[in-house]
Amino acid sequence: MSEAMTANLDAPVPASEQERRQKLELNKLQKRLRREVGQAIADFSMIEAGDKVMCCLSGGKDSYAMLDILMNLQKSAPVSFELIAVNLDQKQPGFPEDVLPNYLASLGIEYHIIEKDTYSIVKEKVPEGKTTCGLCSRLRRGILYNFAAEHGVTKIALGHHRDDLLETLFLNMFYGGKLKSMPPVLHSDDGRNTVIRPLVYAREKDIARYAALRRFPIIPCNLCGSQENLQRQVIKEMLQAWDKQHPGRLETMFRALCNVEPSHLADPNLYDFREGRRLGGKRQAMFQNASANGDEHFGRLDVLNL
């Protein structure tokens, strides 16, 4: 290859060409995410005519992407539904209070900023050095659930994606001794609230790239002193390594979450081995009741990482 040809290959891409490529990539990602969210809504009956959907925003990539895609789908949906955006300002020191209000105001969507000083409560109740995530999550859940009930919200939308479900599955297997994840639809025991996860079919890497291309004003998630869930991080790194070494493995594992055979497991509460019959229909398996006092050690992400 001549030096002239080599130099041409190494030449920087003109700004206009780079912008064109990014626009094409953005359009491709948006179509994929729209399709996946639309399919999840249909498969799990997440949104119905007349629903008032509360999109919980933390300022992270996932919740931004969820709101963006739902607003896009709302324009062409076969049923009419309402969207509102809600952020819980927990009064952590250094939280940029103006970022979300400014962004949401620019969208023209109804939004609410709930101000509750749960940060001080957590700092007072949790001993130094102990993780604050458990108490923080319970407080957040209670505040958001109560707000939803008081404002006529019929569905609470959280920004969990496919990778979150797989991570939670392995966390429960490795550390909790349970075969469970986070359901696409969750009903509270008291019947007041229904939680939906429209991004369950979406890959985290697609959401991250989409958020970068859309230039969402991301708020760093290190406001609690950078407390890291080490167990979840270990699982995340394991799954990311599998994804690189064995392309398609995560897709296959997620399909397994949607294709459960109780007769080939060992839970007598799901399958009557004496009579040879299931004890719960397939539709029941799609849902998981939210218990206020139950063992949800690895289900806390449902409000921890909106």
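Residues numbered from 1 in each chain as written. Predicted model: local features only at pLDDT ≥ 70, side-chain atom pairs only at ≥ 80, totals over all residues. Heavy atoms only, no water.

- As annotated in an unreviewed UniProt entry, the protein chain carries the name tRNA-cytidine(32) 2-sulfurtransferase and is attributed to Marinobacter lutaoensis.
- Per UniProt, the protein chain has the following entry under Catalytic activity (unreviewed entry): "cytidine(32) in tRNA + S-sulfanyl-L-cysteinyl-[cysteine desulfurase] + AH2 + ATP = 2-thiocytidine(32) in tRNA + L-cysteinyl-[cysteine desulfurase] + A + AMP + diphosphate + H(+)".
- As recorded by UniProt, the Subunit (unreviewed entry) comment attached to the protein chain reads in full: "Homodimer." (UniProt positions renumbered as here; feature names shortened; annotations may be inferred.)

## Overview of the overall build of the protein chain
And then number 1: Along the backbone of the protein chain there are twelve helices and nine strands.
And then number 2: Out of the 306 residues belonging to the protein chain, those deemed buried represent 42%.
And then number 3: The long-range fraction of contacts in the protein chain, counting pairs at least 24 apart against all pairs at least 6 apart in sequence, stands at 78%.
And then number 4: Of the roughly 16,900 Å² that the protein chain leaves accessible, carbon and sulfur atoms contribute 51%. (Helix = DSSP H or I, 4+ residues; strand = E, 2+ residues; numbered from the N terminus. Buried < 20%, exposed > 50% of the residue type's maximum accessible area, 1.4 Å probe, protein only. Contact = heavy atoms within 4.5 Å. Areas by Shrake-Rupley, 256 points an atom, 1.4 Å probe, with all protein chains shown as cover.)

## Some words on a nonpolar patch on the surface
And then number 1: Taken together, the side chains of Met 173, Phe 174, Tyr 175, Leu 179, Val 234, Val 260 and Leu 265 define a hydrophobic patch exposed on the protein surface, amounting to about 620 Å² of accessible area.
And then number 2: Broken down by element, the nonpolar patch gets its largest block of residues, three residues, from helix H7 (residues 162–176).
And then number 3: Within the fold, Val 260 resides in the loop between helix H10 (249–257) and strand S7 (271–272).
And then number 4: When its relative accessible area of 37% is taken as the criterion, Val 260 is described as partly exposed. (Patch = residues over 30% accessible without salt bridge, like charges linked within 9 Å, V, L, I, M, F, W, Y side chains within 5 Å. Salt bridge = Lys/Arg side-chain N within 4 Å of Asp/Glu carboxyl O.)

## Concerning the pattern of salt bridges
And then number 1: This model, assessed by the stated rule, comprises 22 salt bridges.
And then number 2: Across the pair Arg 20 and Glu 17 runs a salt bridge whose closest N-O atoms are separated by 2.8 Å. Linking Arg 20 with Glu 17, this pair stays in helix H2 (residues 15–43), spanning three residues, or about one helical turn.
And then number 3: Take Arg 20: its relative accessible area is 44%, and that puts it in the partly exposed class.
And then number 4: One salt bridge connects Arg 277 with Asp 272, and the closest N-O pair in it is separated by 3.8 Å.
And then number 5: Within the structure, one salt-bridge network assembled from shared partners comprises Arg 32, Arg 162, Asp 163, Arg 203, Asp 206 and Glu 251.

## Let's talk about the packing of aromatic side chains
To describe a pair of aromatic rings, you give the distance between the ring centres and the angle between the ring planes.
And then number 1: Under the defined criterion, the tally for this structure stands at nine aromatic pairs.
And then number 2: Ring geometry for Tyr 64 and Tyr 103: centres 5.0 Å apart, planes at 85°, overall edge-to-face. Here Tyr 64, found in helix H3 (residues 61–74), pairs with Tyr 103, found in helix H4 (residues 99–107); they are 39 residues apart in sequence, far enough to count as distant. Taken individually, Tyr 64 and Tyr 103 each receive the classification buried, so the pair is uniform in this respect.
And then number 3: Measuring from ring centre to ring centre gives 5.1 Å for Tyr 271 and Phe 273, while their planes differ by 65°; the resulting arrangement is edge-to-face. (Phe/Tyr/Trp six-rings, centres within 6.5 Å; stacked < 30°, edge-to-face > 60°.)

## Focus: the side chain of His 160
And then number 1: As for its placement among the helices and strands, His 160 is situated in the loop between strand S4 (155–157) and H7.
And then number 2: Since its relative accessible area comes to 0%, His 160 is described here as buried.
And then number 3: In terms of polar contacts, His 160 uses its side chain to reach the side chain of Arg 197, at 2.9 Å. (Polar contact = N/O pair within 3.5 Å; in protein donor to acceptor, adjacent residues only side chain to side chain.)

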